Amino acid sequence: MSDCIFCKIIEGSIPSKKVLENDDIIAFHDINPAAPVHVLVVPKVHIESLEALNEQNIDVVVKIHQAILQVAKIMKINSKGYRVIANCGKEGGQTVPHLHYHVLGGTCLNEKLI
Ligand code: 5GP
Ligand code: ZN
């Protein structure tokens with residue numbers, strides 16, 4: 001997708017502070033961090049949101065979760081704990097229409113919606 005910010009980060013035309021990259025996934029620091037650790041875990045394939053997952057592309061969810069575990073280790077928040085959030089659609093607060101998971105930690109995250 002030529003006008004997608006995260007596709008541009010994946011192709012390297014927009015710079016990012018990378019935490020991890022493999023064939024399927026890129027993880028980088030959020031530009032506007034909401035916690036001391038705030039990393040976005042993003043599949044390289046352009047999938048608009050959780051709602052765009054289907055039988056053909058659902059395998060990427062496993063890759064995302066494997067990457068989340070690696071990111072937590074790299075950022076040294078794996079033992080203390082962290083939060084993973086995927087906003088979906090307008091009412092879910094999604095602002096970038098390319099599937100991504102927020103990994104938040106490095107402090108005690110008190111504000112909870114559920
Ligand atoms: P959403 O609101 O869609 O769940 O999350 C989008 C996230 O992407 C936001 O937390 C926002 O700060 C982050 N973001 C938007 N543009 C950029 C960018 O160009 N670089 C980085 N690193 N993060 C971005
Ligand atoms: Zn994209």
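Residues numbered from 1 in each chain as written. Chains lettered and ligands numbered in written order. Predicted model: local features only at pLDDT ≥ 70, side-chain atom pairs only at ≥ 80, totals over all residues. Heavy atoms only, no water.

**Some details on the overall build of the protein**
No. 1: A count of helices and strands for the protein gives two helices and five strands.
No. 2: Overall, the protein shows an N-to-C arrangement of helices and strands of α-β-β-β-α-β-β.
No. 3: Scaling as 2.2 N^0.38, a compact globule of 114 residues should have a C-alpha radius of gyration of about 13 Å, and the protein matches this with 14 Å.
No. 4: Expressed along its principal axes, the backbone C-alpha trace of the protein runs to roughly 35 × 30 × 25 Å.
No. 5: Expressed as a percentage of its 114 residues, the buried residues of the protein come to 37%.
No. 6: Seen as two clouds, the 11 positive and the 12 negative side-chain charges of the protein have centres 12 Å apart. (Helix = DSSP H or I, 4+ residues; strand = E, 2+ residues; numbered from the N terminus. Rg over C-alpha atoms; globule rule 2.2 N^0.38 Å. Buried < 20%, exposed > 50% of the residue type's maximum accessible area, 1.4 Å probe, protein only. Lys, Arg positive; Asp, Glu negative; His and termini not counted. Charge placed at Lys NZ, Arg CZ, Asp CG, Glu CD.)

**Side note on the site of ligand 1**
No. 1: Taken together, 16 residues are adjacent to ligand 1, and H29, D30, N87, T95 and H102 come closest.
No. 2: The side chain of N87 places a nitrogen or oxygen atom 2.8 Å from an oxygen atom of ligand 1.
No. 3: Contact between ligand 1 and H102: an oxygen atom at 2.8 Å from a side-chain N or O atom of the residue.
No. 4: Compared with its free state, where it exposes 520 Å², ligand 1 has 83% of that area covered by protein.
No. 5: With three residues, the top contributor of residues to the shell around ligand 1 is helix α1 (residues 5-11).
No. 6: For the shell around ligand 1, the class distribution of residues is seven nonpolar, eight polar and one charged. (Near = heavy atom within 4 Å. Polar contact = N/O pair within 3.5 Å; in protein donor to acceptor, adjacent residues only side chain to side chain. Areas by Shrake-Rupley, 256 points an atom, 1.4 Å probe, with all protein chains shown as cover. Nonpolar A, V, L, I, M, F, W, Y, C, P; charged D, E, K, R; others polar.)

**As for the pattern of salt bridges**
No. 1: Per the counting criterion, the structure on display carries three salt bridges.
No. 2: Between K18 and E21 there is a salt bridge; the shortest N-O distance is 3.0 Å.
No. 3: You can call K18 partly exposed: its relative accessible area is 49%.
No. 4: Between K44 and E21 there is a salt bridge, with its nearest N and O atoms 2.8 Å apart. (Salt bridge = Lys/Arg side-chain N within 4 Å of Asp/Glu carboxyl O.)

**Quick word on the coordination of the zinc ion (ligand 2)**
No. 1: Looking at the zinc ion (ligand 2), the protein donor atoms are C4 (SG), C7 (SG), H46 (ND1) and H98 (ND1), and they sit 2.0 to 2.3 Å from it.
No. 2: Classification of the site at the zinc ion (ligand 2) rests on its four donor atoms, whose angles at the metal span 101 to 117°, yielding the label tetrahedral.
No. 3: In primary-sequence terms, the residues that donate to the zinc ion (ligand 2) follow C-x2-C-x38-H-x51-H. Residue C7 is located in helix α1, and its partner H98 is located in the loop between β4 (82-85) and β5 (101-105); the two are separated by 91 residues in the primary sequence. Accessibility assignment for this pair places C7 and H98 in one class, buried. (Donors = N, O, S within 2.8 Å, 3.2 Å for Na, K, Ca; no water. Tetrahedral: all angles 85-135°; square planar, octahedral: opposite > 155°, others 65-115°.)

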